[in-house]
Amino acid sequence: MVGLERSGLAALELLKKRGVHLRATDSRPLSQLPKAAEVLKRLDVPFEPQSPEVFEGTDLIVLSPGVPADLEPIEAARQRGVNVIGEVELAGMYLKGKTIGITGSNGKTTTTAMVGHILREAGIAAQVGGNIGTAATALVDGSRPDQWNVLELSSFQLETIRTFRAHIGVCLNITPDHLDRHHTLANYAAAKGRLFETQQPDDYAVLNADDSFCVDYSALTRARPVWFSSTRAITPGVWLDNGRLWFDGDPLMPAAEIPIRGRHNIENTMAAAAAARLAGAELAAIAGAVRTFRAVEHRLEFVRNARGVDFYNDSKATNVDATLKALDAFEGGLWVILGGKDKDSDYTLLAGSLRKKARSVLLIGAAAPKIAEQLSHGVPLIHSGTLQAAVKEAYARASAGDTVLLAPACASFDQFENYEHRGRVFKQIVGELEI
């Protein structure tokens, strides 16, 4: 087992229960992995520091999603004939019931949570996990033949699948992300496309008709395409017309009744509605469940109003396109906090929206110099350095009616453990502001 974070440890638990002879490795020493050390001791699994030698003498190598699949010693193991799979592929071997797999550059978590919410509200058994909350392998014990497994799936998880099958596959959109890992947009898109390559003729592929990559996926899958579009009527599928959502010509609900902000969340809702309908939910039940859905933590999450200033936490906006979608959800008067760990992103794409909607941009983290260079023309910049300094500076300058928005367009690993940690710190800082 390579990589000992949440998914890797769940995979170890699954394999141990099935009598597999195990050993574990990570690029970090065990002294930096207290949770892993505890699990390894309990399971009686030996740990070996990561080296070329650790991969020798194995029948199977399982990669945690955070481990690049093209590491040299792993490639060498493949050349020796060793079977190399990812944690999601392992889960797929044992999960009971049918699976809904949801991917895309942005909106995966919200859509996954919404599908799970709709199915449960409609009385359809479902459990939710994958890249959200519970690792896919940790869902195995709770899976049942009459239950749906609703999985958020990242490119890191999908690039290593071989036989994993989504009975309903969903792709929301493809925009540049994780290029520091996948190197090119084509490689990144191909990793996402693996979800549809393994589908069977009686499966469904729910795809964004307004996204060229999604349209291409329809040509490589054997599944039956079901579309969603915010620009035109398209069948079979869900579309937006004159402020109302329609499903194959039948009215679903007014878009104004969707309780989460932004046009992108209308698209997420259409995708979730299509997946839930294919899983057996009735249109009236879908609409009713959507009306009671609440924003997922760290995704355009309203935090507080202080002195007339709204604070929103979109720490999950870890790429440029996610930040553009966040900006689109507001009319203006924004104080936008950008920065973190760069993912080889092009921040010039933010300039137009920021000029229209932002009073200023507050820069934090390792990517701040690059962002400042690329946004140096026409966008007021404040070099804050830390998240705490940025929040306090924005609060001091903002007027009633303004909004302070954390939508960093970057990964969090320069100053935080992950985007959730960054979001929690933001909320704590905002909660402590004095009126």
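Small disclaimer: the values here were computed from a predicted structure and weren't measured.

Caption draft 1: Expanded view of the overall build of the protein. A count of helical and extended segments in the protein gives 16 helices and 17 strands. For the protein, whose C-alpha radius of gyration is 22 Å, the value lies close to the compact-globule estimate of 22 Å for 435 residues. When the 435 residues of the protein are sorted by exposure, 57% land in the buried category. Of the roughly 17,700 Å² of accessible surface on the protein, 49% is carried by carbon and sulfur atoms. In the protein, 47 positive and 51 negative side-chain charges are present, and the distance between their average locations comes to 3 Å.

Caption draft 2: How the structure looks around the sheet that holds strand E16 (residues 381–385). The strand order across the open sheet formed by 6 strands is E12-E13-E17-E14-E15-E16, and the pairing between neighbours is mixed. Taken across any chain shown, the strands that pair with only one partner, and hence form the sheet edges, are strand E12 (301–306) and E16. The mean inter-strand angle of the sheet, taken between neighbouring strand axes irrespective of direction, is 20°. Pairing analysis gives 6 bridges linking strand E14 (residues 334–339) to strand E15 (residues 358–364), with the strands arranged parallel. Paired with Val336 across the bridge in E15 is Val361.

Caption draft 3: Fine view of the sheet that holds strand E10 (residues 244–247). The sheet built from 9 strands is open, its strands ordered E4-E5-E3-E6-E7-E8-E9-E10-E11 with mixed pairing. Strand pairing shows two members of the sheet lacking a second neighbour, strand E4 (126–130) and strand E11 (250–254), which therefore form its edges. Taken over all neighbouring pairs, the strand axes of this sheet differ in orientation by 20° on average, direction set aside. With 4 bridges connecting them, strand E6 (residues 168–171) and strand E7 (residues 204–208) associate as parallel partners. Among the inter-strand pairings, Val170 is bridged to a residue of E7, identified as Val206. With respect to the sheet, helix H8 (residues 185–197) is in contact with strand E3 (98–103), E6 and E7, its orientation differing from that of E6 by roughly 155°.

Caption draft 4: Looking closely at the side chain of Thr99. Along the polypeptide, Thr99 turns up in strand E3. A relative accessible area of 4% means that Thr99 is categorised as buried. Contacts of Thr99, omitting those with residues within four sequence positions, involve Trp148, Asn149, Leu151, Phe164, Arg165, Ala166, His167 and Ile168.

Caption draft 5: Structural detail: the pairing of E15. Burial analysis of E15 places 6 of its 7 residues in the buried class, the great majority of the element. A crossover links E14 with its parallel partner E15, the connecting element being helix H13 (residues 351–357), and its sense is right-handed. Here 4 bridges tie E15 to E16, and the two strands are oriented parallel to one another. When the bridges of E16 are listed, Leu362 appears paired with Ile382. The parallel pair E15 and E16, bridged by helix H14 (residues 368–374), forms a crossover whose chirality is right-handed.

Cut-offs applied
Residues numbered from 1 in each chain as written. Predicted model: local features only at pLDDT ≥ 70, side-chain atom pairs only at ≥ 80, totals over all residues. Heavy atoms only, no water. Helix = DSSP H or I, 4+ residues; strand = E, 2+ residues; numbered from the N terminus. Rg over C-alpha atoms; globule rule 2.2 N^0.38 Å. Buried < 20%, exposed > 50% of the residue type's maximum accessible area, 1.4 Å probe, protein only. Areas by Shrake-Rupley, 256 points an atom, 1.4 Å probe, with all protein chains shown as cover. Lys, Arg positive; Asp, Glu negative; His and termini not counted. Charge placed at Lys NZ, Arg CZ, Asp CG, Glu CD. Pairing = 2+ DSSP bridges. Axes fitted to C-alpha atoms, helices over the stretch in contact; angles between N-to-C directions. Contact = heavy atoms within 4.5 Å. Right-handed = clockwise from strand over helix to strand, strands pointing away.

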